[in-house]
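# Secondary and tertiary structure notes
The primary structure of each chain is shown beneath.
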Amino acid sequence: MLGLIVSLIIVGLIAGALARLLVPGRDAIGIPGTILLGVVGSFVGGFLGYVLFHNDGDDGFFQASGVIGSVIGAVIALLVYRRFSGTDRGRGRRRRLLT
């Protein structure tokens, strides 16, 4: 059980850090937030992988496709977080009305 938790934290940190590198912009979420982002991304990526490819986790915990899915899920989770937290609002998205 302890090995699962440690590996989940490590994969979460890697996936969250890669997602923050891939998505431009600043996020003030820190290392615990990055780990949480990666863990949420792992669940999102695993769910999307199951829905799209109907594969289950019977082949083992660490797989290249699982890490890639975790990063993709973390990118999706980061974009959703930015959208609903308000950290991405007002950065050049407003249009001025010319009078």
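To be clear, the structure that these remarks concern was listed above.
To keep things clear, this report deals only with the structure shown in the data block. Every chain is numbered on its own, with residues counted from 1 as its sequence reads. Owing to the predicted nature of the model, reporting of local features is limited to residues with pLDDT of at least 70; listing and counting of side-chain atom pairs is limited to 80 or more, with chain, interface and lining totals taken over all residues. Hydrogens and water are ignored here; the side-chain numbers use all heavy atoms of the structure.

### As for the overall build of the protein
Worth spelling out the cut-off: Here a helix means four or more residues in a row that DSSP labels H or I, a strand means two or more in a row labelled E, and each is numbered from the N terminus. Relative accessible area decides the class of each residue, using a 1.4 Å probe on protein chains only: under 20% of the type maximum gives buried, over 50% gives exposed, and in between gives partly exposed. A contact between two residues is defined here by any heavy atoms of the two lying within 4.5 Å.
Helices and strands together make up the secondary structure of the protein, namely three helices and zero strands. When the helices and strands of the protein are listed from N to C terminus, the series reads α-α-α. The buried share among the 99 residues of the protein stands at 25%. The long-range fraction of contacts in the protein, counting pairs at least 24 apart against all pairs at least 6 apart in sequence, stands at 70%.

### So, the side chain of Ser 42
Threshold: We call two N or O atoms a polar contact when they sit within 3.5 Å, provided that within protein one can donate a hydrogen and the other can accept it, with sequence-adjacent residues counted only if both atoms are side-chain atoms.
Relative to the elements of secondary structure, Ser 42 occurs in helix α2 (residues 30–53). A polar atom in the side chain of Ser 42 sits 3.1 Å from the side chain of Ser 70. The contact partners of Ser 42, leaving out residues within four places of it in the chain, are Val 11 and Ser 70.

### Quick word on the packing of helix α1 (residues 2–22) against α2
Test applied: Only C-alpha atoms enter the line fits that serve as axes; for helices the fit covers just the stretch in contact. Angles between N-to-C directions range over 0 to 180 degrees. Orientation categories follow fixed angle ranges, with anything under 35 degrees roughly parallel, anything over 145 roughly antiparallel, 65 to 115 roughly perpendicular, and all other angles oblique. When residues are grouped by polarity, Ala, Val, Leu, Ile, Met, Phe, Trp, Tyr, Cys and Pro land in nonpolar, Asp, Glu, Lys and Arg in charged, and all others, Gly among them, in polar.
One can describe the packing of α1 onto α2 by two numbers: an axis separation of 6 Å at closest approach and a directional angle of 100°. Classified by the angle their axes make, α1 and α2 are roughly perpendicular. Along the contact surface, α1 presents Leu 8, Ile 9, Val 11, Gly 12, Leu 13, Ala 15, Gly 16, Ala 17, Ala 19 and Arg 20, while α2 presents Gly 30, Ile 31, Thr 34, Ile 35, Leu 37, Gly 38, Val 39 and Ser 42. Residue composition of the contact of α1 with α2, grouped by class: eleven nonpolar, six polar and one charged.

### Notes on a nonpolar patch on the surface
Short version of the rule: Each patch is built from salt-bridge-free residues with over 30% relative accessible area, joining like charges within 9 Å and nonpolar side chains (Val, Leu, Ile, Met, Phe, Trp, Tyr) within 5 Å. Using a 1.4 Å probe, the Shrake-Rupley method yields the accessible areas, and only the shown protein chains count as cover for residues. Should a side-chain nitrogen of Lys or Arg be within 4 Å of a carboxyl oxygen of Asp or Glu, the pair is scored as a salt bridge.
A surface patch of nonpolar side chains, amounting to about 1,200 Å² of accessible area, comprises Phe 47, Leu 48, Tyr 50, Val 51, Leu 52, Phe 53, Ile 68, Ile 72, Ile 76, Val 80 and Phe 84. In terms of residue count, the dominant contributor to the nonpolar patch is α2 (six residues). By the element assignment, Ile 72 lies in helix α3 (residues 64–85).

### Considering α1
Definition in use: The span you would expect from a helix comes to 1.5 Å times its residue count less one. The arc in question is the one traced by the directions running from the helix axis out to the C-beta atoms.
Here α1 spans 30 Å end to end across 21 residues, near enough to the 30 Å set by a 1.5 Å rise per residue. All of the buried residues in α1 are Ser 7, Val 11, Gly 12, Ala 15, Gly 16 and Ala 19. One side of α1 carries all its buried residues, which in axial view fall inside an arc of 160°. Of the exposed residues in α1, those oriented more than 90 degrees away from the buried face are Leu 2, Gly 3 and Leu 21.

### A look at α2
In this model α2 runs 33 Å from its N-terminal to its C-terminal C-alpha over 24 residues, within 8% of the 34 Å that 1.5 Å per residue would give. Gly 33, Thr 34, Leu 37, Gly 38, Val 39, Gly 41, Ser 42 and Gly 45 are the residues of α2 that are buried.

### Regarding the nonpolar core
Let me state the cut-off plainly: Buried residues of nine kinds, namely Ala, Val, Leu, Ile, Met, Phe, Trp, Tyr and Cys, make up a nonpolar core once their side-chain atoms join them within 4.5 Å.
Core analysis: the biggest nonpolar cluster contains seven residues, these being Ala 19, Val 23, Leu 37, Ala 74, Val 75, Ala 77 and Leu 78. If one sorts the elements of this core by residue count, α3 sits on top with four residues.

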